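Observations on the three-dimensional arrangement
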Amino acid sequence: MGTGSSDVVEPLVSVRDLRTHFPVGGGALARLRGSRRVVHALDGVTVDIHPRETLAVIGESGSGKSTMGRSILRLEEPTSGSVAFRGKDVTSLSREELRRERQHMQMVFQNPYSSVNRRNRLIDIVAEPLRVHGIGDAASRRARATELLELVGLNPDFLHRYPHEVSGGQLQRIGIARALATGPDFLVADEPTASLDVSVRAQVMNLLADLKEELGLTLMFISHDLAVVSYIADHIAVMYLGRIVEVGTKAQLESAPQHPYTRALFEAAPKPDPRLRKKEAAPLGEVPSAIDRPSGCHYHPRCPLAMEICKVEYPALEVKANGQQAACHAVPPAGVPAGATVLPVTVA
Ligand SMILES: Nc1ncnc2c1ncn2[C@@H]1O[C@H](COP(=O)(O)OP(=O)(O)OP(=O)(O)O)[C@@H](O)[C@H]1O
Ligand SMILES: [Mg+2]
């Protein structure tokens, strides 16, 4: 991501100007008039993820985090832009080539119950990707499933149970085992602990972090929970209405967030130490609709620093003084003397 030692290493995943737009409603008449409305769920995202690194993606509900993850894996068909995985353009692969490439890139879903077939035994759920990819025979798949269960900290006799016979945390371990079955390099984990009891979230997070180290995985980790992000992230990307508004190392964003939206997010996050809690959590106001987005910088109606230019021109994502990139007219780019600033950089 343009910073630190990872500069010399080729990115594992290179996302370039990726857009995924969904047509919505409007009905036949509107279609006839050519005025079909569109959700700009993902609207020009460019980011690199380097091997063995975790990119955490944060942002309010509806900002396009899941669409980004799904579009990178082509579980959602992007409207334009490209994704290169180990240098290979994923967006131009045929269905068959894509199916093969999926062995190397997998997804862990938010809700383990809705992402598995409840009538299947856990062994069939874990071994499913092996079957789909035609890897091994029944006996070797069973052996691999047993091995995977051990890897995610479950006893082999779980293999013969059904989803409703295990807890949410255990089923998410199964979801992780299934995602790892084909030995992927890259995992997209979309809020993998959000549907779990608070008591087991930490265990599942620890498991993911351990597996990442042990297997040398590269992760894109989507979460609302900044404490979780702080635990697992190397880099953080902040999404707002389909675009990345700030991206950099965890240290850069946590020490001096540049974009007013990132600041608001960090200020609104619950602080573990009550003395650090502000009386008024930053009032973020309402998220505008992804269909009728505000002109210029989409954040300007909620932004305490908004200027005239913000209403008309979307700001470029550029390197700011602290080293990370942010898209904000009010924050001067790196190299511009602080005297010219509109904004004192405070440490959160
Ligand atoms: N298949 C679809 N058809 C139409 N609109 C969609 C579709 N999928 C997502 N959207 C819209 O795209 C926008 C981004 O949705 P997305 O699910 O990516 O957000 P998110 O950041 O993952 O939100 P959350 O935190 O709630 O999971 C939203 O406005 C959503 O309603
Ligand atoms: Mg989502």
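Just above sits the structure.
Described below are features of the structure shown in this document. Just so we're clear, the structure is a prediction, and the values are computed from it rather than from any experiment. (Residues numbered from 1 in each chain as written. Chains lettered and ligands numbered in written order. Predicted model: local features only at pLDDT ≥ 70, side-chain atom pairs only at ≥ 80, totals over all residues. Heavy atoms only, no water.)

**Remarks on unusual backbone geometry**
Keep this limit in mind: For the purposes of this entry, the term helix denotes a DSSP run of H or I that reaches at least four residues, the term strand denotes a run of E that reaches at least two, and both are numbered from the N terminus. Burial classes follow relative accessibility: with a 1.4 Å probe on protein chains only, a residue under 20% of its type's maximum area counts as buried, one over 50% as exposed, and anything between as partly exposed.
One non-glycine residue, R74, lies in the positive phi region at around 60°. Tracing the chain through its elements places R74 in the loop between α2 (65-72) and β4 (80-85). At L241, a position not held by glycine, the phi torsion is positive, near 45°. Looking at where L241 falls in the secondary structure, it is placed in the loop between β9 (235-240) and β10 (243-249). L241 gets classed as buried once you look at its relative accessible area, which sits at 3%.

**As for the site of ligand 1**
Applied cut-off: The near set for a molecule or strand comprises every residue that places at least one heavy atom within 4 Å of it. In protein, a polar contact means a hydrogen-donor-capable atom and an acceptor-capable atom, both N or O and within 3.5 Å, with residues adjacent in sequence counting only if both atoms are side-chain atoms; elsewhere, any N or O pair within 3.5 Å suffices. Note on areas: Shrake-Rupley, 1.4 Å probe, and residue coverage restricted to the protein chains presented here.
As a structural note, the neighbourhood of ligand 1 is formed by 14 residues, with S61, G62, K65, S66 and T67 the closest of them. One of the backbone nitrogen or oxygen atoms of G64 is found 3.0 Å away from an oxygen atom of ligand 1. In this structure, T67 approaches ligand 1 through a side-chain N or O atom, which is 2.5 Å from an oxygen atom. Bound to the protein, ligand 1 loses 64% of the 640 Å² it would expose on its own. Contributing elements (two or more residues each) for the shell around ligand 1: β2 (37-49) and α2. With three residues, α2 is the largest single contributor of residues to the shell around ligand 1.

**Remarks on empty space enclosed by the protein**
The condition is simple: A 1.4 Å probe that fits but cannot get out identifies a cavity on a 1 Å grid over protein atoms alone, an open set with protein on both sides within 12 Å along at least five of seven lines counts as a pocket, and a residue lines either if it has an atom within 4 Å of a point. Grid points are joined across faces, edges and corners, and a volume is the space filled by probe spheres set on the points. Classification used: nonpolar for Ala, Val, Leu, Ile, Met, Phe, Trp, Tyr, Cys and Pro, charged for Asp, Glu, Lys and Arg, polar for all others including Gly.
Tallied over the entire structure, the rule returns one cavity of 30 Å³ or more. Approximately 70 Å³ is the volume attributed to the largest cavity. If you go around the largest cavity, you meet 14 residues; those closest to its centre are C297, C303, C310, C328 and H329. Class assignment of the residues belonging to the lining of the largest cavity gives a composition of 11 nonpolar, three polar and no charged.

**Examining the sheet that holds strand β5 (residues 88-89)**
In a beta sheet, neighbouring strands pair by backbone hydrogen bonds and run either parallel or antiparallel. Worth spelling out the cut-off: For two strands to be treated as a pair, DSSP must find no fewer than two bridges joining them. Here a residue-residue contact requires only that any non-hydrogen atoms of the pair lie within 4.5 Å. Note on geometry: axes are lines fitted to C-alpha atoms, helical ones only across the stretch in contact, with angles between N-to-C directions running from 0 to 180 degrees.
The antiparallel open sheet is built from four strands, whose spatial order is β2-β1-β4-β5. Each edge of the open sheet carries a strand with a single partner, namely β2 and β5. Note that strand β1 (residues 13-24) and β2 share nine bridges and pair antiparallel. Directly across from L18, in β2, lies its bridge partner V45. Sheet strands touched by α2: β1, β2 and β4. Its angle to β1, the strand with the most contacts, is close to 115°.

**A word on the packing of aromatic side chains**
The geometry of an aromatic ring pair is captured by two quantities: the separation of the ring centres and the angle between the planes. Under the convention used in this document: Working definition: rings of Phe, Tyr and Trp (its six-membered ring) pair if their centres are within 6.5 Å, and the pair is stacked with planes under 30 degrees apart, edge-to-face with planes over 60 apart, and tilted otherwise. Definition used: whenever NZ (Lys) or CZ (Arg) falls within 6 Å of the ring centre and also within 35 degrees of the ring normal, the charge is taken to sit over that ring.
Enumeration according to the criterion identifies four aromatic pairs in this entry. Their ring planes at 80° and their centres at 5.1 Å tell us that Y240 and Y299 sit as a pair that is edge-to-face. Of this pair, Y240 sits in strand β9 while Y299 sits in the loop between α10 (260-268) and α11 (308-312); the two residues are 59 residues apart in sequence, bridging distant segments of the chain. Residue Y240 shares its accessibility class with Y299, and that shared class is buried. Here a set of aromatic residues connected by ring pairs shows up, and it is made of Y240, Y261 and Y299. Across the ring face of F158, the terminal group of R161 is positioned such that the distance to the ring centre comes to 4.1 Å. Taking NZ or CZ as reference, R243 lies 3.7 Å from the ring centre of Y314, over its face.

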